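# Descriptive analysis of the structure
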Amino acid sequence: MLLRKKLIAGNWKMNRTSADAVQLVKDIVVVSGKEHNVDIVVCPPFTALESVARLLEGSVIKLGAQNMHPEASGAYTGEIAADMLRALFASYVILGHSERRSYFKETNAFINQKVLAALKSQLKPILCVGETLQERETRATLKIVQAQLEQGLQGVSREIATNVVIAYEPVWAIGTGKVATTAQAQEVHAFIRSLLATLFGDTVAQKIRILYGGSMKPANASELLAQRDIDGGLIGGASLEARSFLDLIQAAAAVK
Ligand code: PGA
């Protein structure tokens with residue numbers, strides 16, 4: 001038996017109105033709603049969470065959000081708190097995505113506050129880490145990933161660490177069609193696992209899922225998902241179409 005159940009998460013980003021999201025999720029439920037060997041998560045925009053949640057009732061597919069604010073409530077115009085997401089039956093939340101880090105200047109310290117707030121509200125954070133092209137070219141990849149991971153997980157206790165999911169997303173591979181080679185991805189995933197072992201002990205580290213993200217598609221997924229430390233995918237573009245999302249789920253289910 002696999003130690004870690006594979007997880008395929010769709011990050012819809014700023015795509016789909018509530019009505020369009022309903023159509024997409026209906027198609028996804030029809031084709032993949034009975035897959036028990038893979039954990040499946042869809043992360044629509046905030047405005048579609050409620051309508052999507054309704055359609056996911058009774059299916060194995062879980063709901064996730066794409067961001068949240070660390071405070072529980074208050075004067076934070078335009079922001080959403082963890083309990084608001086829980087009230088809509090979200091069970092995951094993507095945190096520290098590179099688009100949040102670069103366009104909205106989110107720091108590791110701020111992302112860490114969100115991770116802690118998410119866990120406190122029983123939301124499973126999908127903490128994204130990854131280097132830019134320039135950082136890879138200057139051989140800073142592992143240093144950057146280490147800082148993002150260690151600072152992002154500060155204060156997370158060993159007891160709840162298995163509720164965290166890590167997503168390694170090389171920034172140069174996101175939405176570019178340029179996927180990391182399996183060797184490049186596995187190297188960083190194994191490094192992340194070793195850091196998790198230092199933080200939480202080996203038994204816990206072996207249970208934490210580490211997803212790959214960045215131009216993952218049906219055509220390249222099987223090879224990536226077969227790597228020892230790649231436990232699933234965080235999928236952008238290819239999650240916006242039911243057929244390709246299903247193909248990715250099936251690729252994950254086929255890994256022995
Ligand atoms: P992509 O996005 O699959 O479109 O590259 C992945 C992500 O940003 O999570």
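Structure's up top.
For the structure given in this document, a descriptive report is provided here. (Residues numbered from 1 in each chain as written. Predicted model: local features only at pLDDT ≥ 70, side-chain atom pairs only at ≥ 80, totals over all residues. Heavy atoms only, no water.)

## Concerning the overall build of the protein
When you go through the protein residue by residue, the secondary structure sums to 11 helices and eight strands. The C-alpha atoms of the protein give a radius of gyration of 17 Å, which matches the 18 Å a tight globule of 256 residues would have. The principal-axis extents of the C-alpha atoms in the protein amount to approximately 45 × 45 × 35 Å. Of all 256 residues assigned to the protein, the portion counted as buried reaches 54%. Considering only intrachain contacts with a sequence separation of at least 6, the fraction spanning at least 24 residues in the protein is 72%. For the protein, the accessible surface area stands at approximately 11,900 Å², while carbon and sulfur atoms represent 53% of it. Looking at charge distribution, the protein has the averaged site of its 28 positive side-chain charges lying 3 Å from that of its 24 negative ones. (Helix = DSSP H or I, 4+ residues; strand = E, 2+ residues; numbered from the N terminus. Rg over C-alpha atoms; globule rule 2.2 N^0.38 Å. Buried < 20%, exposed > 50% of the residue type's maximum accessible area, 1.4 Å probe, protein only. Contact = heavy atoms within 4.5 Å. Areas by Shrake-Rupley, 256 points an atom, 1.4 Å probe, with all protein chains shown as cover. Lys, Arg positive; Asp, Glu negative; His and termini not counted. Charge placed at Lys NZ, Arg CZ, Asp CG, Glu CD.)

## Section: the site of the ligand
Around the ligand, the structure places 13 residues, and the nearest of them are Lys13, His97, Glu169, Gly175 and Ser215. For the ligand, an oxygen atom lies 2.9 Å from a polar atom in the backbone of Gly237. Bound to the protein, the ligand loses 95% of the 290 Å² it would expose on its own. Taken together, the residues of the shell around the ligand sort by class into four nonpolar, seven polar and two charged. (Near = heavy atom within 4 Å. Polar contact = N/O pair within 3.5 Å; in protein donor to acceptor, adjacent residues only side chain to side chain. Nonpolar A, V, L, I, M, F, W, Y, C, P; charged D, E, K, R; others polar.)

## Concerning the packing of aromatic side chains
This model, assessed by the stated rule, comprises two aromatic pairs. Between the aromatic rings of Tyr103 and Phe104, the centroid separation amounts to 6.5 Å while the plane-to-plane angle is 90 degrees, which identifies the pairing as edge-to-face. Overall, Tyr103 belongs to the exposed group, its relative accessible area being 63%. Stacked on the ring of Tyr92, the Lys or Arg Lys124 has its end atom at 5.7 Å from the ring centre. (Phe/Tyr/Trp six-rings, centres within 6.5 Å; stacked < 30°, edge-to-face > 60°. Lys NZ or Arg CZ within 6 Å of the ring centre and 35° of its normal.)

## Focus on the side chain of Asn67
You can see Asn67 is positioned in the loop between β3 (62–65) and α3 (82–87). Residue classification places Asn67 among the buried positions, given a relative accessible area of 7%. Of the polar contacts made by the side chain of Asn67, one reaches the side chain of Lys114; its length is 2.7 Å. Once residues lying within four places of it in the same chain are set aside, the contact partners of Asn67 are Phe46, Glu79, Leu85, Val93, Ile94, Leu95, Arg100, Glu106 and Lys114.

## Observations regarding the sheet that holds strand β6 (residues 165–168)
Taking strand neighbours around the barrel as the criterion, the eight strands line up as β1-β2-β3-β4-β5-β6-β7-β8 in a closed arrangement whose pairing is parallel. Between one strand axis and the next, the sheet turns by 25 degrees as a mean value, whatever way the strands run. The strands that helix α7 (residues 141–152) touches are β5 (124–129) and β6; relative to β5, the one it contacts most, it runs at about 155 degrees. (Pairing = 2+ DSSP bridges. Axes fitted to C-alpha atoms, helices over the stretch in contact; angles between N-to-C directions.)

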